[in-house]
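# Commentary on secondary and tertiary structure
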Amino acid sequence: MATLVSEAGYRSDEPIVVGMRQGGTPPVLLAHGLSSTGGPVTAATLAYAASLSKQMTAACAALLAQRGVLDMESALSRWLPRLPAWAGTIRLRHLVHHTAALPADSEIDAIITGDDRTTPGIIQALARFPALDHRPGTEHVYSNAGYVCLAAVVERAADMPLPDFAQHHLFVPLAMADSRYWPGPDPTPPGAAPLARLHPAPLSLGDGGVWTTLRDLLRWGQALNADELGVSGLMQTPGRLDDGTPIDYAWGIGVRSHAGHRVYRHGGGWTGLRALHARVPDLDLSVALLAIDDHTERRVPLLDSLLDEVTGLHLPSKDGQA
C-alpha cells in the first residue's frame, strides 16, 4: 500500500489515510502527515466526507421507502410545496439518480444570499428559478441540490432532523461512533480536522454534511456488503431515465466494474479535501481514502491501483470461490 500511495504521487509528509478491509479480517491501513492543527492524521481522524455523504442520505431514504413511509414516485412538490410549479414534475427517484433537471450547482451558487450554503439557503435559491431547462427524467446530470432536496424530504417524512434520523438508524446500529451529520453553526464539529480556513465546509445536509473517519468508512462499506441495513439491494439498483435508458448511478453511488467484479464507488471533494470510497461486494471488500489538504485527482489512480492489486490476489469471494 505504501508503494502504491507513493506511486500515485503522495509524498510521505502529505496528510492522507488509506485503508482496505475484507470480511472480518483486520484492516490494512496507511496514514502519514499532519492536519492543519498539527495532529497526526490517522484512521481515527474526523474529517469532512463531502459527497460520500450522498450514499448515507440515500440509505436514509431507502429505509423510509422500504417501510412504506416514502413513495419514491411521489412528486417533490408534495414534500417541498414552497418550490415553484416545476417541483410537481420531479419524482423523488429523479433526485436519487440525478435526473431531476434541477439548475446547475454553479447557477444556484451564483444567487445564494451571502455565503448561505445551508439547506434553507439552497432551497430558497431553488425557489427563485421560475422554470427548468428540460424535462425531469430525460438526462443524468450530477446535482448537489437534488440531494439537499432529498435530505429535506427525508426530514419531513421521518418527522425528525436528518442528523437525528441518521444517528438512530445508521450510525448507532452500525457502530459508526465517530460519524455524524453536522449542520453547524460552527464550520466543523468538535475535534475534527478543519479544512482550509478560507473555504470551510458547507453546512448543507444531504449532498454533504457528514463528518467521519476512515475507520467508520470501512465499517460502512462492510455493513453495506453484508446488507446489515436491509437496503443494499435497493441502493445498488442502477437508475434509469424515464424512457428506460439505464444509467451507471444507483442510490448515492456510482456503478462500475473492475477486473470482472461489480464495484460501487463514489468520490467526495471540497477545497483542500479529497475522499474516495469503494466496495466490491462479491469479495466482501471495502476501500477508502481521505486526503486532507489535497487539491488534485491523484485519489482516482490510487484507488484503481489498489483495486488492481487486490483483485490480482484472487481473494476468495463470499461464496468461497477464488
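Bear in mind the structure is a predicted one, so any value in this text is a computation, not a measurement.

### Here's the deal with the sheet that holds strand β5 (residues 210-212)
- Strands sit in the order β3-β5-β4 across an open sheet of three strands; the sheet is antiparallel. Each of the sheet's edge strands pairs with one partner strand only, and the pair in question is β3 (47-48) and β4 (180-181).
- The pairing of β3 with β5 spans two bridges and is antiparallel. Note on β5: the bridge partner recorded for Ala-47 is Thr-212.

### Some remarks on the sheet that holds strand β7 (residues 261-270)
- Read from one edge of the open sheet, six strands run β2-β1-β9-β8-β7-β6, paired in antiparallel fashion. In this open sheet, the two strands that pair with only one neighbour each are β2 (28-32) and β6 (254-258). Within the sheet, the average angular offset between the axes of one strand and its neighbour, ignoring direction, is 15°.
- Where strand β8 (residues 273-280) and strand β9 (residues 285-292) come together, eight bridges link them in antiparallel fashion. Along β9, the bridge assignment pairs His-277 with Ala-288.
- Strand contacts of helix α11 (residues 299-311): β1 (16-22), β6, β7, β8 and β9, with the helix running at about 155° to β7, the strand carrying the most contacts.

### What to know about the pairing of β9
- Most of β9 is tucked away, with eight of its eight residues classed as buried.
- The side-chain alternation of β9 yields two buried faces, one formed by Leu-285, Val-287, Leu-289 and Ala-291 and the other by Ser-286, Ala-288, Leu-290 and Ile-292.
- Both β1 and β9 contribute to a ladder of seven bridges, which runs antiparallel. Its bridge partner being in β9, Val-17 is matched across the sheet by Leu-290.
- Connecting β8 to the antiparallel partner β9 that follows it, the hairpin turn spans four residues, and Asp-284 within it adopts a positive phi of roughly 50°.

### A look at the side chain of Thr-212
- In this structure, Thr-212 sits in strand β5.
- By relative accessible area, which is 0% here, Thr-212 ends up buried.
- Engagement of the side chain of Thr-212 in a polar contact is seen with the side chain of Ser-179, the distance being 2.6 Å.
- For Thr-212, the contacting residues outside a window of four places in its chain are Thr-45, Leu-46, Ala-47, Ala-49, Asp-178, Ser-179, Leu-217 and Leu-290.

### Overview of the side chain of His-98
- Positionally, His-98 belongs in the loop between α4 (92-96) and α5 (105-111).
- Polar contacts involving the side chain of His-98 include one to the side chain of Tyr-249, which spans 3.2 Å.
- Here His-98 is in contact with Lys-54, Glu-139, His-140, Val-141, Tyr-142, Ser-143, Tyr-147 and Tyr-249, once residues within four sequence places are set aside.

### Some remarks on the pattern of salt bridges
- The tally for this structure, following the rule as stated, stands at 13 salt bridges.
- Between Arg-215 and Asp-178 there is a salt bridge, with its nearest N and O atoms 2.8 Å apart. Here Asp-178 lies in the loop between α8 (162-171) and β4 and Arg-215 lies in helix α9 (residues 214-225), a separation of 37 residues in the sequence.
- The closest approach of N and O atoms between Arg-298 and Asp-294, which form a salt bridge, is 3.2 Å.
- Given a relative accessible area of 2%, Asp-294 falls into the buried group.

### Focus on α8
- Among the residues of α8, those classed as buried are Leu-162, Pro-163, Phe-165, Ala-166, Leu-170 and Phe-171. The buried residues of α8 occupy an angular sector of 155° when the element is viewed end-on, so they sit on one face.

### As for the packing of helix α7 (residues 144-158) against α8
- One way to put it is that α7 packs onto α8 with a least axis distance of 9 Å and a crossing angle of 75°. In this view, α7 runs roughly perpendicular relative to α8, as classed from their interaxial angle. Taking contact as the criterion, the partners of Ala-151, Val-154, Glu-155 and Ala-158 in α7 are, on α8, Leu-162, Pro-163 and Phe-165.
- Counted by class, the contact of α7 with α8 contains six nonpolar, no polar and one charged residues.

### Let's talk about the nonpolar core
- Among the nonpolar cores identified, the biggest contains 86 residues, and Met-56, Leu-70, Leu-76, Trp-86, Leu-95, Leu-170 and Trp-220 are the most heavily contacted of them.
- Among the elements that make up this core, the one with the highest residue count is α7 (11 residues).
- Look past the residues within four positions of Leu-170 in its chain and what remains in contact with it is Met-56, Ala-59, Cys-60, Leu-63, Phe-165, Trp-220 and Leu-229.
- Counting 22 residues, the second-largest nonpolar core is a separate cluster that includes Val-5, Val-263, Leu-306 and Val-310.

### Things to note about the layout of surface pockets
- Volume-wise, the largest pocket comes out at about 290 Å³.
- Taken together, 15 residues make up the lining of the largest pocket; nearest its centre are Arg-82, Thr-119, Pro-120, Ile-123 and Arg-156.
- Sorting the residues of the lining of the largest pocket by element identifies α6 (119-126) and α7 as the ones contributing at least two each.
- For the lining of the largest pocket, the class distribution of residues is 10 nonpolar, two polar and three charged.

About the cut-offs
- Residues numbered from 1 in each chain as written.
- Predicted model: local features only at pLDDT ≥ 70, side-chain atom pairs only at ≥ 80, totals over all residues.
- Heavy atoms only, no water.
- Pairing = 2+ DSSP bridges.
- Helix = DSSP H or I, 4+ residues; strand = E, 2+ residues; numbered from the N terminus.
- Axes fitted to C-alpha atoms, helices over the stretch in contact; angles between N-to-C directions.
- Contact = heavy atoms within 4.5 Å.
- Buried < 20%, exposed > 50% of the residue type's maximum accessible area, 1.4 Å probe, protein only.
- Polar contact = N/O pair within 3.5 Å; in protein donor to acceptor, adjacent residues only side chain to side chain.
- Salt bridge = Lys/Arg side-chain N within 4 Å of Asp/Glu carboxyl O.
- Arc of directions from axis to C-beta.
- Parallel < 35°, antiparallel > 145°, perpendicular 65-115°, else oblique.
- Nonpolar A, V, L, I, M, F, W, Y, C, P; charged D, E, K, R; others polar.
- Core = buried A, V, L, I, M, F, W, Y, C linked by side-chain atoms within 4.5 Å.
- 1 Å grid on protein atoms, 1.4 Å probe; cavity = no way out; pocket = protein on both sides within 12 Å on 5 of 7 lines; lining within 4 Å.
- Points joined across faces, edges and corners; volume = space filled by probe spheres on them.

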